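Secondary and tertiary structure notes
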Amino acid sequence: MMSDTPLRLASRVGAISPSPTMAVMAEAMRLRAAGEDVVDFSAGQPDFDTPEIPSRAGIAAIESGYTRYTPNPGAPELRAAVAAAYRRDFGLEFGPANALITSGGKHALTGVFLATCEAGDEVVIPTPFWPTFPEQARIAGAEPILAPADAATNFRPTRAVVEPHVTDRTRVILLNVPGNPSGVVLDPGELDALAALASEAGAVLLWDDTYSRLTFEPAPEGAYRRMQEILGPRFVIAGSSSKTWAMTGWRVGWALGPEELIRGAAALQSQMTSNACSISQKAALAALEADPAEFQWMVRAFAARGRRMREGLLDIPGVRCGAPDGGFYLFPDFRDRLGPGEGSRSLAEALLDRERVATVPGVAFGHDTHLRLSFATSEARIEEGLARLRRFFAV
Ligand code: GLU
């Protein structure tokens, strides 16, 4: 006879919310599969196919039988290539032993948080924030502390924003530039000031640089190198192949940091996932070693699409929207178009119901009068979506 004792789940299951970005994306996909004509501005992934250079390397990996375990922290040549790419692109001093290859950027964050935080620690996260950051801190037992940035500065996560939230329990200060969803990049002086703050607080400055190779202006010469000089082993990076090379499904990311942190995170990973997919590691290696100019067409396309989408949004009366410095999101403010008591969730739901336009409610990023719109979609779909938004707000 089947036992009627209820299944008891761990409290952490209830404490962690599922990813809202992934949830909206899944709903848009479900509607499309059911034959609905959805304009998907939710998807945080390039609409482009993975370029030939990484794709061919993946095919070659399968054909040559590179389909077994790699060392848990990643293939040695990929660890070396990640370190070399950060020297080439940002002047940073990392060697292969400072690089851990993970199953995507989220997994790199997991490794860093688990290796640095424990119960009682605090992680300072400027807002608006990618919804995964606070949940990752919680998974590691730490408390996420939100530091609201100002819409008037396009949400620059500066020292002035972060400092009031730093305490003697601060273990990690999170920096996500270009920001998801704001698209903002900090100036060299602002980066120096943040690095100095983290150094004074004895905290790790964790740079999630997922969109750092998708900036519309070149990275300021030497700015990140200076942060590393200021912070030494407290400068840690979590990065990803997903957005730069349209490789979201391949799941390859990395963490860069001091050897002891990387060794610790590698030990955790060895018990959780072993290594990132061997085939995907070969694809990421080819992408990292290729001339970055090979992929600049995607960045140019995102920049043009972002300009067009922002222009279209600003044409809607009462809508405000900052200009992104990189990435592929806009985070417009609809406060003047919301009904009494209405928040971003009901606005996003109404847009999806009435116009079949998928967006992510700003409340998931800490700002309930905003929506996040991704412009990683074709010009034609952007025009169609803008036409639907105009119609929706004309009512
Ligand atoms: N990072 C992307 C986003 O913000 C993909 C979904 C996710 O991983 O959250 O939409």
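The structure we're discussing is the one just above.
Everything numeric here is computed off the predicted structure, so don't read it as measured data. (Residues numbered from 1 in each chain as written. Predicted model: local features only at pLDDT ≥ 70, side-chain atom pairs only at ≥ 80, totals over all residues. Heavy atoms only, no water.)

1. Let's talk about the sheet that holds strand S12 (residues 371-374)
- The three strands lie next to each other as S9-S12-S11, forming an open sheet whose pairing is antiparallel. Edge positions in the open sheet fall to strand S9 (329-330) and strand S11 (360-361), since each of these has one partner strand only.
- Sheet analysis places S9 next to S12, joined by two bridges and oriented antiparallel. Within S12, the position partnered with Tyr329 by the bridge is Ser374.
- The strands that helix H13 (residues 344-355) touches are S11 and S12; relative to S12, the one it contacts most, it runs at about 45°. (Pairing = 2+ DSSP bridges. Helix = DSSP H or I, 4+ residues; strand = E, 2+ residues; numbered from the N terminus. Contact = heavy atoms within 4.5 Å. Axes fitted to C-alpha atoms, helices over the stretch in contact; angles between N-to-C directions.)

2. Some details on the packing of helix H5 (residues 105-116) against helix H10 (residues 259-272)
- Direction vectors running N to C along H5 and H10 enclose 115°, while the axes themselves pass 9 Å from each other. Taken together, H5 and H10 sit at an angle that is classed as roughly perpendicular. Crossing handedness for the pair H5 and H10: right-handed. Contacts between H5 and H10 involve His107, Gly111, Val112, Leu114, Ala115 and Thr116 from the former and Leu261, Ala265, Leu268, Gln269 and Met272 from the latter.
- When the residues that make up the contact of H5 with H10 are grouped by side-chain class, the tally is seven nonpolar, four polar and no charged. (Parallel < 35°, antiparallel > 145°, perpendicular 65-115°, else oblique. Left-handed = near helix turned anticlockwise from the far one by under 90°. Nonpolar A, V, L, I, M, F, W, Y, C, P; charged D, E, K, R; others polar.)

3. Let's talk about the sheet that holds strand S7 (residues 235-240)
- The strand order across the open sheet built from seven strands is S2-S8-S7-S6-S5-S3-S4, with neighbouring strands paired in mixed fashion. The sheet terminates laterally at strand S2 (99-102) and strand S4 (143-148), the two strands that pair on one side only. Taking each pair of neighbouring strands and ignoring which way they run, the sheet shows an average axis angle of 20°.
- Of the strand pairs in this sheet, S7 and strand S8 (residues 253-256) are connected by four bridges, and their pairing is antiparallel. In the strand pairing of S8, Ser240 is matched with Gly253.

4. Thoughts on a nonpolar patch on the surface
- A cluster of nonpolar residues, Leu7, Leu9 and Val13, forms a patch on the protein surface that exposes about 340 Å² of accessible area.
- Turning to its location among the elements, Val13 is positioned in helix H1 (residues 11-15). (Patch = residues over 30% accessible without salt bridge, like charges linked within 9 Å, V, L, I, M, F, W, Y side chains within 5 Å. Areas by Shrake-Rupley, 256 points an atom, 1.4 Å probe, with all protein chains shown as cover. Salt bridge = Lys/Arg side-chain N within 4 Å of Asp/Glu carboxyl O.)

5. Re the site of the ligand
- Around the ligand, a shell composed of Ser19, Thr21, Met22, Met25, Gly44, Lys106, Trp130, Asn180, Tyr211, Lys243, Tyr329 and Arg372 is seen.
- In the environment of the ligand, a nitrogen atom lies 3.0 Å from a nitrogen or oxygen atom belonging to the side chain of Lys243.
- For the ligand, the accessible surface in isolation is 270 Å², of which the surrounding protein chains cover 92%.
- Considered class by class, the residues forming the shell around the ligand number five nonpolar, four polar and three charged. (Near = heavy atom within 4 Å. Polar contact = N/O pair within 3.5 Å; in protein donor to acceptor, adjacent residues only side chain to side chain.)

6. Here's the deal with empty space enclosed by the protein
- Counted under the stated rule, the structure contains three cavities of 30 Å³ or more.
- Of the pockets and cavities examined, the largest cavity occupies roughly 120 Å³.
- What lines the largest cavity is a set of 16 residues, among which Pro126, Pro128, Pro157, Asn176 and Gly179 lie closest to the centre.
- Looking at the lining of the largest cavity residue by residue, the classes come out as 11 nonpolar, five polar and no charged.
- Approximately 60 Å³ is the volume attributed to the second largest cavity.
- Looking at the second largest cavity, the residues that line it are Leu100, His107, Thr110, Gly111, Leu114, Ala265, Leu268, Gln269 and Met272.
- For the lining of the second largest cavity, the elements supplying multiple residues, two or more each, are H5 and H10. (1 Å grid on protein atoms, 1.4 Å probe; cavity = no way out; pocket = protein on both sides within 12 Å on 5 of 7 lines; lining within 4 Å. Points joined across faces, edges and corners; volume = space filled by probe spheres on them.)

7. What about the packing of aromatic side chains?
- A complete count under the given rule lists 19 aromatic pairs for this structure.
- Pairing Phe90 with Trp207 gives two aromatic rings, centres 5.4 Å apart and planes at 75°, and the pair type is edge-to-face. Taken as a pair, Phe90 in helix H4 (residues 76-90) and Trp207 in strand S6 (residues 204-208) lie far apart in primary sequence, 117 residues in all. Just as Phe90 is buried, Trp207 falls in that class too.
- Each ring, one from Trp130 and one from Phe133, has its centre 5.2 Å from the other, and the planes form 85°; the classification is edge-to-face.
- Directly above the ring of Tyr86 sits Arg213, whose terminal nitrogen or CZ lies 4.4 Å from the centroid.
- Across from the ring centre of Tyr66, 4.4 Å away, lies the NZ or CZ of Lys282, which sits over that ring. (Phe/Tyr/Trp six-rings, centres within 6.5 Å; stacked < 30°, edge-to-face > 60°. Buried < 20%, exposed > 50% of the residue type's maximum accessible area, 1.4 Å probe, protein only. Lys NZ or Arg CZ within 6 Å of the ring centre and 35° of its normal.)

8. Considering the pattern of salt bridges
- Under the defined criterion, the tally for this structure stands at 28 salt bridges.
- Two residues, Arg388 and Asp37, come together in a salt bridge whose shortest N-O distance is 2.6 Å. With a gap of 351 residues between them, Arg388 in helix H14 (residues 379-394) and Asp37 in the loop between helix H2 (20-33) and strand S1 (39-40) connect regions that are remote in the sequence.
- When its relative accessible area of 5% is taken as the criterion, Arg388 is described as buried.
- In this structure Asp37 comes out as partly exposed when scored by relative accessible area, which is 43%.
- The salt bridge involving Arg305 is made with Asp47; its shortest N-O contact spans 3.0 Å. Placement of the pair is Arg305 in helix H12 (residues 296-314) and Asp47 in the loop between S1 and helix H3 (52-63), with a sequence separation of 258 residues.
- Looking at Arg305, the relative accessible area reads 4%, which means it is buried.
- Residues joined in a network through salt bridges with shared partners are Asp37, Arg381, Glu384 and Arg388.

9. Describing the side chain of Gln228
- Checked against the element boundaries, Gln228 lands in helix H9 (residues 223-231).
- Residue class for Gln228 comes out buried when judged on its relative accessible area of 8%.
- Excluding residues within four positions of it along the chain, Gln228 makes contact with Leu92, Glu93, Phe94 and Phe235.

Nothing here speaks to function; it is geometry throughout.
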